[in-house]
Amino acid sequence: MIQHNSQRLQSILWVLLLCTAGCGITRNPVPVELADKAQIPGIPKARALAGLPSPAFQQTFIESIQQEGDAFKTGPNGERSYDFLALSGGGDNGAYGAGLLCGWSKAGTRPKFKFVTGISTGALVSTFAFLGEEYDDQLKKAFTTTSTADIMQGRSILVWPYSDAISDSAPLARMIARYHPQEMLEAVAREHKKGRRLFIGTTNLDADRFVIWDMGAIAASGHPDSMKLYHSIIRASAAIPIVFPPVYIPVEADGKRYDEMHVDGGVKAQVFLGGILLDIAEVVQATGLDMARMKRRVFIIRNGKMRLGASRLKPKIGVIAGKTVSSMINFNAVGDLYRIYLVAAPRGTEFNLAFIPDDYEGKAKEAFDPVEMTRLFNTAYEQAKAGYSWQKRPPGISDEICERLTK
């Protein structure tokens, strides 16, 4: 009798929960027909939407050339040298990218990047990478002392049916704010005004768009909410759907206020550069650049392996789902690398790729295990300090294809 009543009570509870599934977060989403017109109030140059022509993004690139002065000149006849850094997603594997950057500084060969881009855990690394070795100690601390409790707090299973995620990312929000204080944003703003650029990618789920945020423009805007927006974008870029709640960003369209639902940029791309939004010919004409006198290098840090490898899987839903998602993410990452290479190689841009060694075996005991993250950080640090052997093409690109692209 007791067991029967318990089962009945559980059934009633689940019916009640399902009935309240529509009673979750109240929001005011952008009407579909206005999705491409929405802007950040007071910061109209804050972002660009991938897949659409972006005059704002084109202009910020032109301005970056005009602002730089002689900072990137390397020769008496106007030769220029540009280095670009792209940081991928990868969760706790971001410790690899952090270690590589710190070891690179120790080796004394880490360049001053013209552009830095980041997605997900790469977004968490990106500001440190952009500002340089002065911030290496903070970068190391962030990726070697952080535990799961510093990132998320689980929600009761009873609220899942009418919630926007199974965990709360408030701890992550506090961590982002702690490691990105006002003086750090001021430093980003100063570098932005010198012609350097920092971009972070998120996914606007409402509009089904990949959004590229100009973090330097936000930091330099002088808007009273610039720091709040800066933190929100980093949090959104790392907001793995279902696991973490989306970040709702206030926007304006046709004079009315709405909100957008943003999640992990990794939903759309694992790593990116800004060339997909640029009309290079217009940039050259507007700035007087001589492409023949430019040395360009792209450095990509893949916070993960290039191949997951074979394994014997248990016939369990969780195991199958986990391996499936990991395989999809890994495959998408390789595709992103191909796209970057296919744009870079024909233009004579040197391609450099770093990634976690395929034979590295993680020993994490939790989602964000500080012991394992420290071990991974140290692995990358030692590799970079000794002089990292950058891969010059993505896996699978043959010598024949490489030769054709670079002719």
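The coordinates are above.
Residues numbered from 1 in each chain as written. Predicted model: local features only at pLDDT ≥ 70, side-chain atom pairs only at ≥ 80, totals over all residues. Heavy atoms only, no water.

## Some remarks on the overall build of the protein chain
Part 1 of the argument: Tallying secondary structure elements over the protein chain gives 13 helices and 11 strands in all.
Part 2 of the argument: By residue count, 48% of the 407 residues in the protein chain fall in the buried class.
Part 3 of the argument: Considering only contacts within the protein chain whose residues lie at least 6 apart along the sequence, 78% involve residues at least 24 apart.
Part 4 of the argument: With the model as given, the accessible surface of the protein chain reaches about 20,100 Å², and the carbon-plus-sulfur share is 55%. (Helix = DSSP H or I, 4+ residues; strand = E, 2+ residues; numbered from the N terminus. Buried < 20%, exposed > 50% of the residue type's maximum accessible area, 1.4 Å probe, protein only. Contact = heavy atoms within 4.5 Å. Areas by Shrake-Rupley, 256 points an atom, 1.4 Å probe, with all protein chains shown as cover.)

## What about the nonpolar core?
Part 1 of the argument: Core analysis: the largest hydrophobic core is formed by 73 residues, its most contacted members being Leu85, Leu100, Leu101, Phe143, Trp213 and Met215.
Part 2 of the argument: Once residues lying within four places of it in the same chain are set aside, the contact partners of Trp213 are Ile40, Ala46, Arg47, Leu198, Phe199, Ile200, Thr202, Ile218, Leu229, Ile233, Ile249 and His262.
Part 3 of the argument: Formed by 36 residues, the second largest nonpolar core is a distinct cluster that contains Phe57, Val298, Ile300 and Ala345. (Core = buried A, V, L, I, M, F, W, Y, C linked by side-chain atoms within 4.5 Å.)

## Focus on a nonpolar patch on the surface
Part 1 of the argument: Residues Ile157, Leu158, Trp160, Ile166 and Ile242 make up a contiguous nonpolar surface patch of roughly 460 Å² in combined accessible area.
Part 2 of the argument: Tracing the backbone through its elements, the reader meets Leu158 in the loop between strand 4 (153-154) and strand 5 (167-168). (Patch = residues over 30% accessible without salt bridge, like charges linked within 9 Å, V, L, I, M, F, W, Y side chains within 5 Å. Salt bridge = Lys/Arg side-chain N within 4 Å of Asp/Glu carboxyl O.)

## Some remarks on the pairing of strand 9 (residues 256-264)
Part 1 of the argument: The buried fraction of strand 9 is high, at 7 of 9 residues.
Part 2 of the argument: Relative to strand 9, strand 6 (residues 197-204) runs antiparallel, the two being bridged by 3 bridges. Considered in strand 9, the bridge of Thr202 is made with Asp264.
Part 3 of the argument: In terms of strand pairing, strand 8 (residues 247-253) meets strand 9 through 7 bridges, oriented antiparallel. Following the sheet pairing, Ala253 is matched in strand 9 by Lys256.
Part 4 of the argument: In this structure, the hairpin formed by strand 8 and strand 9 is closed by a connection of 2 residues, where Asp254 is found at a positive phi of approximately 50°. (Pairing = 2+ DSSP bridges.)

## Considering the packing of aromatic side chains
Part 1 of the argument: Taken as a whole and judged by the stated rule, the model has 16 aromatic pairs.
Part 2 of the argument: Relative to Phe199, the ring of Phe57 has its centre 5.0 Å away and its plane inclined at 35°; by these criteria the two rings are tilted. Taken together, the residues span a long stretch of sequence, with Phe57 in helix 2 (residues 55-67) and Phe199 in strand 6 at a distance of 142 residues.
Part 3 of the argument: For Phe199, a relative accessible area of 2% puts it in the buried group. (Phe/Tyr/Trp six-rings, centres within 6.5 Å; stacked < 30°, edge-to-face > 60°.)

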